[in-house]
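What follows is the residue order along each chain.
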Amino acid sequence: MKKTVLIFLIDQYADWEASYVAAELQARQSEYQVKTVTVDGKPVSSIGGFRVLPDYSLADTETIDFHMLILPGGNTWRQPETVLVKELIAHCFANNIPVAAICDATVFLGRYGFLEEVRHTSNSLEYLKEGALDYRAEQYYIESQSVWDGKLITANGTAPLEFAQDILKLLRVREEEKIHQWYRFFKEGSVAFTR
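Residues numbered from 1 in each chain as written. Predicted model: local features only at pLDDT ≥ 70, side-chain atom pairs only at ≥ 80, totals over all residues. Heavy atoms only, no water.

A.B. asks: Please explain the environment of glutamate 117 as it appears in this structure.
C.D. replies: Note on placement: glutamate 117 falls in the loop between helix H3 (104-111) and helix H4 (125-131). Take glutamate 117: its relative accessible area is 65%, and that puts it in the exposed class. Along the backbone, glutamate 117 and glutamine 139 are 22 residues apart, and their C-alpha atoms lie at a distance of 8.5 Å. (Helix = DSSP H or I, 4+ residues; strand = E, 2+ residues; numbered from the N terminus. Buried < 20%, exposed > 50% of the residue type's maximum accessible area, 1.4 Å probe, protein only.)

What follows is the structure, encoded as structure tokens:
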């Protein structure tokens, strides 16, 4: 049986930010499968207009065995209805389940204290502080496309490939060199790549 990776989708989610990693996790030879979650189990639409019928609601996650939570960015992470997601994230942190957040989802993590005492990044330090007024972890902020520290991966919104690469390495989807080749193939476009 394949291990489940949950991707939490908000309305107006950034469809490109988890697409690279989702495709690799769903690959035939992967030991993982991707399942989607929304707050209420109802469909959401991406910034690009892709409408997704999710596999689960937030309430369903209480009974699901999953191995990672991925949080793509989007236009509505600052809306009141997303507050409920912090309980799922807290569950992950308490149970050593990896969490990966990119773009405005990193601001959500900062707003609720999930970036304390762990190295992390976002779109910029100023962007993070503007969106997460109670954020007090500047000493752990790293100006980088993607930062992986323990069970947490955070990334800049311009770094879906770096984000995906770190997730694939954390989950050990393939040998590290093959993951690096995959990354170079999509980043540079001229490197031969074989699975």
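That shown, we press on.
A.B. asks: What's the story with the pairing of strand E7 (residues 99-102) in this structure? I'm lost.
C.D. replies: Each regular strand shows side chains that alternate between the opposite faces of the sheet. Residues Val99 and Ala101 of E7 are buried on one face, and the alternating residues Ala100 and Ile102, pointing to the opposite face, are buried as well. The parallel pair strand E6 (residues 68-71) and E7, bridged by helix H2 (residues 85-94), forms a crossover whose chirality is right-handed. Summarising the sheet, E7 and strand E9 (residues 152-155) pair through four bridges and their orientation is parallel. Across the sheet, alanine 101 pairs through a bridge with threonine 154, a residue of E9. (Right-handed = clockwise from strand over helix to strand, strands pointing away. Pairing = 2+ DSSP bridges.)

A.B. asks: Teacher, can you tell me more about unusual backbone geometry here?
C.D. replies: Most peptide bonds take the trans configuration, and most residues that are not glycine carry a negative phi. Phi angles above zero are rare outside glycine, and glutamine 12 is one such case at about 65°. By the element assignment, glutamine 12 lies in the loop between strand E1 (3-8) and helix H1 (19-25). For arginine 172, which is not glycine, the phi dihedral falls at a positive 55°. By the element assignment, arginine 172 lies in the loop between helix H5 (160-171) and helix H6 (176-188). You can call arginine 172 exposed: its relative accessible area is 68%.

A.B. asks: How should I be thinking about the pattern of salt bridges in this particular structure?
C.D. replies: Side chains bearing opposite charge may pair, as long as their charged atoms lie close to each other. Using the criterion set out here, one finds nine salt bridges in the structure. One salt bridge connects arginine 174 with glutamate 24, and the closest N-O pair in it is separated by 2.8 Å. Of this pair, arginine 174 sits in the loop between H5 and H6 while glutamate 24 sits in helix H1, and the two are 150 residues apart along the sequence. For the pair arginine 174 and glutamate 24, one class covers both residues: buried. Salt-bridge contacts for lysine 129 lead to glutamate 138; the nearest nitrogen and oxygen are separated by 2.8 Å. (Salt bridge = Lys/Arg side-chain N within 4 Å of Asp/Glu carboxyl O.)

A.B. asks: It is not clear to me how the environment of glycine 157 should be interpreted in this structure. Could you clarify?
C.D. replies: Inspection of the secondary structure assignment puts glycine 157 in the loop between E9 and H5. On the basis of relative accessible area, glycine 157 is assigned to the buried category, the value being 16%. For the pair glycine 157 and tyrosine 32, spaced 125 residues apart in the sequence, the C-alpha separation amounts to 24 Å. Apart from the residues within four sequence positions on either side, glycine 157 is in contact with Trp16, Glu17, Ile102, Cys103 and Asn123. (Contact = heavy atoms within 4.5 Å.)

A.B. asks: What's the story with the nonpolar core in this structure? I'm lost.
C.D. replies: Residues Phe8, Leu25, Ile70 and Leu71 are the most contacted members of the largest nonpolar core, which totals 61 residues. The contacts of leucine 71, once residues within four sequence positions are left out, are Phe8, Trp77, Ile89, Val99, Ala100, Ala101, Ile102, Ala105 and Leu109. (Core = buried A, V, L, I, M, F, W, Y, C linked by side-chain atoms within 4.5 Å.)

A.B. asks: Looking at this structure, how should I read the layout of surface pockets?
C.D. replies: A probe matching the size of a water molecule, rolled over the atoms, marks out where space remains unfilled. By volume, the largest pocket is sized at about 260 Å³. Along the lines of polarity and charge, the residues of the lining of the largest pocket split into nine nonpolar, three polar and two charged. Contributing to the lining of the second largest pocket are Leu58, Ala59, Thr61, Glu62, Leu84, Glu87, Leu88 and His91. Its residues assigned to classes, the lining of the second largest pocket shows four nonpolar, two polar and two charged. (1 Å grid on protein atoms, 1.4 Å probe; cavity = no way out; pocket = protein on both sides within 12 Å on 5 of 7 lines; lining within 4 Å. Points joined across faces, edges and corners; volume = space filled by probe spheres on them. Nonpolar A, V, L, I, M, F, W, Y, C, P; charged D, E, K, R; others polar.)

A.B. asks: Explain the packing of H5 against H6 to me, please; I cannot follow it from the model alone.
C.D. replies: When two helices pack together, their arrangement is given by the angle between the helix axes and the distance between those axes. The geometry of H5 relative to H6 is characterised by a closest axis approach of 10 Å and an angle of 165° between their N-to-C directions. Relative to H6, H5 is oriented roughly antiparallel. Crossing hand, H5 versus H6: right-handed. For the pair H5 and H6, the contacting residues are Leu161, Glu162, Ala164, Gln165, Leu168 and Lys169 in the first and Glu176, Ile179, His180, Trp182, Tyr183, Phe186 and Lys187 in the second. Of the residues assigned to the contact of H5 with H6, the class counts are seven nonpolar, two polar and four charged. (Axes fitted to C-alpha atoms, helices over the stretch in contact; angles between N-to-C directions. Parallel < 35°, antiparallel > 145°, perpendicular 65-115°, else oblique. Left-handed = near helix turned anticlockwise from the far one by under 90°.)

Bear in mind that shape data such as this cannot, by itself, settle questions of function.
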